[in-house]
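# Structural description and commentary
So the chains spell out like this:
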Amino acid sequence: MSQRQMQGQPMIILGEDSQRMKDKSAQEHNISAARAVAESVRSTLGPKGMDKMLVSSMGDVTVTNDGVTILSEMDIDNPTASMIVEVAETQEDEAGDGTTSAVAIAGELLKNAEDLLEQDIHPTAIIKGFNMAATQAKDELDDIATEVDPDDEELLKKVAETSMTGKGAELNKELLAQIIVDAVNAVTVEAEDGSVIADLEYLNIETQTGSSAGNSELLEGAVIDKDPVHEEMATEAEDADVLLVDTAIELDETEVDAQLSVDDPSQLQNFLDKEEEQLKQMVDQIADTGADVVFCQKGIDDMAQHYLAEKGILAVRRAKKSDIEFLKEVLGARIVSDLDSASAEDLGHGSVTRDDAEGLFYVEGSGDGAHGVTLLLRGSTDHVVDELERGVTDALDVVASTVANGSVLGGGGAPEVEVARRLRDYADSVEGREQLAIESFADALEIIPRTLAENAGLDSIDTLVDLRAAHEDGDVSAGLNVFSGDVENTLDTGVVEPAHAKRQAISSAAEAANLVLKIDDIIAAGELSTSGGDEGGPGGPGGAPGGMGGMGGGMGGMM
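No experiment lies behind these values; they were computed from the predicted model shown. (Residues numbered from 1 in each chain as written. Predicted model: local features only at pLDDT ≥ 70, side-chain atom pairs only at ≥ 80, totals over all residues. Heavy atoms only, no water.)

## A look at the packing of aromatic side chains
Counted by the stated rule, this structure contains one aromatic pair. An angle of 70 degrees between the planes, with centres 5.7 Å apart, marks the rings of Phe 130 and Phe 441 as edge-to-face. Linking Phe 130 in helix H6 (residues 123–144) with Phe 441 in helix H14 (residues 434–445), this pair joins segments that are 311 residues apart in sequence. Phe 130 gets classed as buried once you look at its relative accessible area, which sits at 0%. Looking at Lys 280, its charged tip hangs above the ring of Tyr 307, at a distance of 5.8 Å from the centre. Sitting over the ring of Phe 361, Arg 354 keeps its end group 4.7 Å from the ring centre. (Phe/Tyr/Trp six-rings, centres within 6.5 Å; stacked < 30°, edge-to-face > 60°. Helix = DSSP H or I, 4+ residues; strand = E, 2+ residues; numbered from the N terminus. Buried < 20%, exposed > 50% of the residue type's maximum accessible area, 1.4 Å probe, protein only. Lys NZ or Arg CZ within 6 Å of the ring centre and 35° of its normal.)

Written out as structure tokens, the structure reads:
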């Protein structure tokens, strides 16, 4: 075969089932996947946002408005979409709230970047512009943020109420906001350097069905949803010494199938007596520490239960690991893993009381080493109480963040419109194509007020025009009241959000958008989940692997 004939043959270097997208195809594919994720949660944003019902492959149902819950529960198969889900997870970890906002901004940044790519602006210029815009946006947020005193309870309650509005917790948000602020105050400590930290490690959340959310309460100490192991046991112990055990109070089973041959009934009785003696010895070890109450993470043998009851020791078995670890903080105790080494030094101190109607133990610590509070959330059904817990957890995080970082912004899209306005001014001072990327970044931020308006059934364009006009007149905190449809100073009307959450949302969204934009080639070992491709299967019409008809889902060959 001549050299000239060789040049016409496609060089196939990837496996038969592989797929490859290059340049514009790859960018379009990635951007459409990321935007699809953003679209899936946008309708949940704001006080008028709707909920999603997620049904798992096992048939478990979750009804939620929480962005990160929706995205993590969804069965996402696309690699780019998964990268956007990570934005929501990072936002949840760092700020506790604002997950939907972060993902919506990331999706809009990519949509606007696609328009710039159409104009033949190179991705690196867009990425540089987005980085400059994100840095400038965070500086502007710091400039418009209002410093708050960690002791300003009224403002902290407004932060909690704003976070819960539009979620399952909204109906009782005033009561819950007060409980949340009290809870955060209970676990707030001053660090050595003078800074204030709200340590949520010392806050536990328990849920219970069969009542209304209005009956939720904050309790000193811990709540354990368990019963005593023996009906003869006392159910209360004032000024008690409590032992926490994470090992079973029962005899080890033989690891192999052991057989015991007996030719005399007394031999069997002797064997059983020995087992009983060992259990009695274990209970004696517990009694010798001086314990009045035992919380055990594992099982307690029936015979051991009997001996514990005889000695007047209240025992609870199969307590959750998280409960045992929380009790350690509440009571100032140590967790014992070996009864042979248990001593009075391991005991915690406090009072244990029982609410028989609800089937709960209330454990309150006493002494210097004891601290911790429990938020007991009540709701009519499992679905209601689960969504209530998600809303309250977010609100706890944002209040804790506000206490620690000490600055807030008006809500209702106010910071986004103000920062967008300032970014457009900043773009005028930037030379080169990055200027267009900064203007696109500013436009992308306005997806938040636009979506708030859409979800409330208002006209998003009219709303944005009114908001921009108010900000041009110098009202930095002019935001949308979604209930009345008016533009108002949201900082004055009590719609407030922590500045830290906004900074994190802009940061995460920009980094994710840049990560996606930097990809110009996708090489997949199998079929890409979102590729359509109807031009023929692997091999295509040509019949040979790698034929021009399309490779693994119609990618149009390998070239």
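From this point on, the discussion continues.
## Describing the sheet that holds strand E7 (residues 203–209)
Taken in spatial order, the three strands line up as E7-E16-E8 in an open sheet, and their pairing is mixed. Single-partner strands in this sheet number two, and they are E7 and strand E8 (217–220). For this sheet, the mean inter-axis angle between neighbouring strands, taken without regard to orientation, is 25 degrees. Direction of pairing for E7 relative to strand E16 (residues 373–379): parallel, over a ladder of seven bridges. Among the inter-strand pairings, Leu 203 is bridged to a residue of E16, identified as Val 373. (Pairing = 2+ DSSP bridges. Axes fitted to C-alpha atoms, helices over the stretch in contact; angles between N-to-C directions.)

## Here's the deal with the nonpolar core
With 64 residues, the main nonpolar core has Ile 126, Leu 423, Phe 441 and Leu 517 as its most contacted residues. Apart from the residues lying within four places of it in its own chain, the contact partners of Phe 441 are Leu 109, Phe 130, Ala 133, Ala 134, Ala 137, Leu 423, Ile 506 and Ala 510. Leu 244, Val 245, Phe 326 and Val 330 belong to the second-largest nonpolar core, a separate cluster that totals 43 residues. (Core = buried A, V, L, I, M, F, W, Y, C linked by side-chain atoms within 4.5 Å. Contact = heavy atoms within 4.5 Å.)

## Focus: the pattern of salt bridges
Inspection of every chain in the model, using the stated rule, returns 24 salt bridges. The closest approach of N and O atoms between Arg 503 and Asp 142, which form a salt bridge, is 2.9 Å. Here Asp 142 lies in helix H6 and Arg 503 lies in helix H18 (residues 499–517), a separation of 361 residues in the sequence. Here Arg 503 falls in the partly exposed class, since its relative accessible area comes to 28%. Among the ionic pairs, Glu 418 bridges to Arg 422, the shortest N-O distance being 2.8 Å. (Salt bridge = Lys/Arg side-chain N within 4 Å of Asp/Glu carboxyl O.)

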